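Residues per chain, in single letters:
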Amino acid sequence: MHAQHKIKSLLDQLNTVIVGKGAQVQDCVACLLAGGHLLIEDVPGVGKTTLAHALARTFGLQFSRVQFTADLMPSDLTGVSVYERGKEAFVFHPGPVFAQVLLADEINRASPKTQSALLEAMEEKQVSVEGETRALPHPFFVIATQNPHDQLGTFALPESQLDRFLMRISLGYPDRAAERLLLAGADRRDMVDSMLPLLSEDELAQLQRQVLAVHTSDPLLAYVQDLIAATRSGHWFLQGLSPRAGIALVRAAKAQALISGRDYVAPDDVQAVLPQTIAHRLVPVGDAGRGAVEQVRAMVEATPLP
């Protein structure tokens, strides 16, 4: 019950800032409770950066933000060693990646070389700089925002980096009632600045352990395997899901189950997180006539429950 109360307070606070997007906010909380990285993709001005700021403040973690641009260098992220005359030695100055939450704003506006600087950090929770490996703080989350690929000055993220994001979500335009609240209400940035952290590091770690402890039955795992096999059949997508993606799907479903107040994963939990968890890892077959998210939903409808 304590976990449910904490999660509800997280969702309630976030929903006061990001109005009318309850499902997307819940996906974000599930992603971070599952220990994954989050990619928020949409057109400019719909609240991507505001949501990332609100998540960081609500989870009460050390936060840094990097605006990705075409001239951003890998060392601008990881840090650099500078010779200090007084010490007669090179001293390492950590970059913004040494934070518990890194907001990579408009990540696809940086060059592929700079984007790849995050690969080791996202997967191994460490960075190698000038021949030395340095551990990152724990926990370590990347919340990245990106604009649609057809906008000027963007570089598509490589498949290897997309695979490191547990979830990709899209906010979309608000409905009329939510937009009225935005137009008539307080400035969202001021609201984010006044938000209070609702979790300590120990409480977050405890919730993450509870996510891992959520039960997955044999029939449920068989259903997940059926979905993974469907992606590999060649009927829906050019290439199927990797084992790493399958593990990510189960982890996200466990977080969804905990948010729903259960200690076991149901097929509904898998279906609820499936498009956000796997669509960015897949490319539909040429004659699909629909995007990856729609193709995932069509595949789910064609895959029988156990």
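See the structure above.
Conventions adopted
- Residues numbered from 1 in each chain as written.
- Predicted model: local features only at pLDDT ≥ 70, side-chain atom pairs only at ≥ 80, totals over all residues.
- Heavy atoms only, no water.
- Helix = DSSP H or I, 4+ residues; strand = E, 2+ residues; numbered from the N terminus.
- Contact = heavy atoms within 4.5 Å.
- Buried < 20%, exposed > 50% of the residue type's maximum accessible area, 1.4 Å probe, protein only.
- Axes fitted to C-alpha atoms, helices over the stretch in contact; angles between N-to-C directions.
- Parallel < 35°, antiparallel > 145°, perpendicular 65-115°, else oblique.
- Left-handed = near helix turned anticlockwise from the far one by under 90°.
- Nonpolar A, V, L, I, M, F, W, Y, C, P; charged D, E, K, R; others polar.
- Expected span 1.5 Å × (residues − 1).
- Arc of directions from axis to C-beta.
- Pairing = 2+ DSSP bridges.
- Salt bridge = Lys/Arg side-chain N within 4 Å of Asp/Glu carboxyl O.
- Core = buried A, V, L, I, M, F, W, Y, C linked by side-chain atoms within 4.5 Å.

Draft legend 1. Quick peek at the side chain of Lys21. One can find Lys21 in the loop between α1 (2–17) and α2 (22–33). Discounting chain neighbours no more than four positions away, the residues touching Lys21 are Asn15, Leu171, Gly172, Tyr173 and Pro174.

Draft legend 2. Looking closely at unusual backbone geometry. Residue His138 is joined to Pro139 through a cis peptide bond whose omega torsion reads -5 degrees. Considering the arrangement of structural elements, one finds Pro139 in the loop between β7 (132–135) and β8 (141–146). Unlike most non-glycine residues, Glu106 shows phi in positive territory, near 55 degrees. Within the secondary structure layout, Glu106 lies in the loop between β5 (101–105) and α5 (112–124). Here the phi dihedral of Lys125 falls at roughly 60 degrees; this positive angle occurs in a residue that is not glycine. The exposure class assigned to Lys125 is partly exposed, which follows from its relative accessible area of 33%.

Draft legend 3. How the structure looks around the packing of α2 against helix α3 (residues 48–59). Contact pair α2 / α3: the axes reach a minimum separation of 12 Å and the direction vectors enclose 50 degrees. Classified by the interaxial angle, the pair formed by α2 and α3 is oblique. Handedness of the α2/α3 crossing: right-handed. Here α2 contributes Val25, Cys28, Val29, Leu32 and Leu33 to the contact with α3, which in turn contributes Leu51, Leu55 and Phe59. Looking at the contact of α2 with α3 residue by residue, the class counts come to eight nonpolar, no polar and no charged.

Draft legend 4. Local environment of α1. With 16 residues, α1 should cover 22 Å at 1.5 Å per step; its first-to-last C-alpha distance of 24 Å lies within 8% of that length. Looking only at α1, the buried set comprises Ala3, Lys6, Ile7, Leu10, Leu11, Gln13, Leu14 and Val17. Looking down the long axis of α1, one finds its buried residues gathered within 165 degrees of arc, a one-sided arrangement. Turned more than 90 degrees away from the buried face of α1 sit His5 and Lys8, all of them exposed. Contacts from the buried residues of α1 go to α2, α3, α8 (188–193), α9 (201–213) and α11 (243–259).

Draft legend 5. Up close: the sheet that holds strand β1 (residues 37–41). Here five strands make up an open sheet; going across it, the order is β2-β5-β8-β1-β9 and the pairing parallel. Of all strands in the sheet, those with a lone pairing partner are β2 (63–67) and β9 (165–169), marking the two edges. Strand after strand, the sheet turns through a mean of 15 degrees between neighbouring axes, direction not considered. Examined bridge by bridge, β2 and β5 share five bridges and lie parallel to one another. Note that in β5 the partner of Ser64 across the bridge is Leu102.

Draft legend 6. Region of interest: the pattern of salt bridges. Scanning all chains against the criterion turns up eleven salt bridges. One salt bridge connects Glu106 with Arg109, and the closest N-O pair in it is separated by 3.4 Å. Residue Asp163 pairs with Arg281 through a salt bridge whose shortest N-O separation is 2.7 Å. A residue pair is termed long-range when its members are at least 10 positions apart, and Asp163 in the loop between α6 (159–162) and β9 and Arg281 in the loop between α12 (267–278) and α13 (292–302) qualify at 118 residues. Considered together, Asp163 and Arg281 belong to a single accessibility category, that of buried residues. Counted as one network, the salt bridges with shared partners bring together Glu123, Asp163, Arg164, Arg244 and Arg281.

Draft legend 7. Quick look at the nonpolar core. Ranked by internal contacts, the top residues of the largest apolar core, which has 72 residues, are Leu33, Leu38, Leu51, Leu55, Phe59 and Val270. Among the elements that make up this core, the one with the highest residue count is α11 (ten residues). Phe92, Ile107, Ala117 and Met122 belong to the second-largest nonpolar core, a separate cluster that totals 25 residues.

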